[in-house]
Amino acid sequence: MQPDTILSPRELEIAQSYARGRTYHAIAERLHIAPSTVRTHLAAIYRKLEVSSKLELHARLDGASPPAETQTDHGAVISELALSLEEAIGRERALSEVLRIISRSRGDTEAVMAAILGHALELCDAEFGILFEYHGDRRFSARFTRGIPQGFRDWLDRQGVFTAGKATGLGRMETVRDVVNIVDVRSEELYRTDDPLRLATADLGGARSFVAIPMLSGDGLVGAFTIYRQQVRPFNAQVTALAHTFADQSVIALDNARMISELRALGARTG
């Protein structure tokens, strides 16, 4: 049977996009669905078409026949393992790309942080991200952003350096110097107060689930790497660990930029 007789129109569209190299996030944006929904569809597509890789999917869509003997009882397991493997390979490629960008950045933090946040949002299945710079005493400023709703961006720009309340995600992260993972920013009591950061995050940013990763240089807190989902979909331990890796890479990038800037300043003085 041909794929268009096995798959629904939505599944066929997703299958064709994925086979052409589009990511979960890119497909989700085009179809106005969540990246996790794209993955759910792909698991069903792999199972229905009896494929176990993107190459097999591409061939099947081009008219290749399924294997003569298939173990359909294990279809769900095979499709899950195949997607998990492809996602793991994607993570490794993204992290390698981030390291390559950092090594060649020559101090261009804007380009580096845009790339890091972009990969983080893609792999962590989040809608937007912010790298907050830490100024001491619970004071932060939004230094880099990616995918942030304009209303929230404007609000942060107006605040400049602001003080985060102790009960906010940033405030709690500063206190414990550890990951703060909030299931739903609207379900906490803080949302029913007049805390300006929480109200802006939820109402202007449309954020629901949120994770804040401390950015540490040595023993010092230099910032917070934060990613947000606009649906209540808590970040699990695997995703949080991945976000932590991107936070660490951000610190490396910022430290490199600082050293390059200092070397240039020294060269200008001695030249």
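Residues numbered from 1 in each chain as written. Predicted model: local features only at pLDDT ≥ 70, side-chain atom pairs only at ≥ 80, totals over all residues. Heavy atoms only, no water.

**Things to note about the overall build of the chain**
As a reminder, the rule being used: Helix and strand definitions here come from DSSP, where helices need a minimum of 4 consecutive H or I residues and strands a minimum of 2 consecutive E residues; each element is numbered from the N-terminal end. Buried means the residue's accessible area, taken with a 1.4 Å probe over protein chains only, is under 20% of the maximum for its type, while exposed means over 50%, and partly exposed covers the values in between. The criterion used for residue contact is that any of the two residues' heavy atoms lie within 4.5 Å. A 1.4 Å probe and the Shrake-Rupley method give the accessible areas. Residues count as covered only by the protein chains that appear here.
Looking only at helices and strands, the chain features eleven helices and six strands. The 271 residues of the chain split such that 43% are buried. Partitioning the contacts of the chain with sequence separation of at least 6, the portion at a separation of at least 24 is 61%. Counting only carbon and sulfur atoms, one obtains 51% of the accessible surface of the chain, whose full area is about 13700 Å².

**Focus on the sheet that holds strand S6 (residues 220-229)**
To keep things clear, this is the line we draw: Think of it this way: DSSP has to see at least two bridges between two strands before they count as a pair.
Read from one edge to the other, the open sheet built from six strands follows the order S3-S2-S1-S6-S5-S4, with strand pairing classed as antiparallel. Only two strands of the sheet have a single neighbouring strand rather than two, namely strand S3 (162-163) and strand S4 (180-182). Bridge analysis of strand S1 (residues 128-136) against S6 gives six bridges, and the strand direction is antiparallel. Among the inter-strand pairings, Glu 133 is bridged to a residue of S6, identified as Gly 223.

**Structural notes on unusual backbone geometry**
At Arg 138, a residue that is not glycine, the phi angle is positive and equals roughly 65°. Its place among the elements puts Arg 138 in the loop between S1 and strand S2 (139-146). Of note in this structure, Arg 177 is not a glycine but carries a positive phi near 55°. Within the secondary structure, Arg 177 sits in the loop between helix H9 (169-176) and S4.

**What to know about the pattern of salt bridges**
In plain terms, the rule: Criterion for a salt bridge: a side-chain nitrogen of Lys or Arg within 4 Å of a carboxyl oxygen of Asp or Glu.
The full count for this structure, using the stated rule, is ten salt bridges. Note that Arg 153 and Asp 157 form a salt bridge whose closest N and O atoms lie 2.5 Å from each other. With Arg 153 and Asp 157 both in helix H8 (residues 150-159) and four residues apart, this pair spans about one turn of that helix. Overall, the relative accessible area of 16% leaves Arg 153 in the buried class. The shortest N-O distance in the salt bridge between Arg 192 and Glu 189 comes to 3.4 Å. Within this structure, Asp 125, Glu 127 and Arg 233 form a network of salt bridges that share partners.

**What to know about the environment of Leu 254**
Position of Leu 254 relative to the elements: it lies in helix H11 (residues 237-270). Residues contacting Leu 254, with those up to four places away along its chain left out, are Thr 109, Leu 131, Arg 143, Phe 144 and Met 215.

**A word on the pairing of strand S5 (residues 209-217)**
Burial analysis of S5 places seven of its nine residues in the buried class, which makes it a mostly covered element. Note: S4 against S5, three bridges, orientation antiparallel. What sits directly across from Ile 182, in S5, is Phe 210. Strand direction decides the pairing type here: S5 and S6, joined by nine bridges, are antiparallel. What sits directly across from Ser 217, in S6, is Gly 220. Hairpin connection from S5 to S6: two residues lie between these consecutive antiparallel strands, with Gly 218 at a positive phi of about 65°.

**Digging into the nonpolar core**
As a rule of thumb, nonpolar side chains are buried together in soluble globular proteins. Operational definition: For our purposes a nonpolar core is just a set of buried Ala, Val, Leu, Ile, Met, Phe, Trp, Tyr and Cys residues, chained together by side-chain atoms within 4.5 Å.
Ile 130, Phe 132, Phe 140, Phe 152, Leu 156, Phe 162 and Leu 170 are the most contacted members of the largest nonpolar core, which has 26 residues in total. Elements supplying a minimum of two residues to this core: S1, S2, H8, H9, S4, helix H10 (196-204), S5 and S6. Counting residues per element, this core draws most heavily on S1, at four residues. Among residues more than four places away in sequence, those in contact with Phe 132 are Phe 140, Ser 141, Ala 142, Arg 143, Leu 156, Phe 162, Leu 170, Val 222, Gly 223, Ala 224, Thr 226 and Tyr 228.

**Some thoughts on the side chain of Thr 240**
You can see Thr 240 is positioned in helix H11. Judged by its relative accessible area of 12%, Thr 240 falls in the buried class. Every residue in contact with Thr 240, bar those within four places of it in the chain, is listed here: Val 179, Asn 181, Val 211, Ile 213 and Phe 235.

All quantities given are derived from atomic positions and should not be read as evidence of function.
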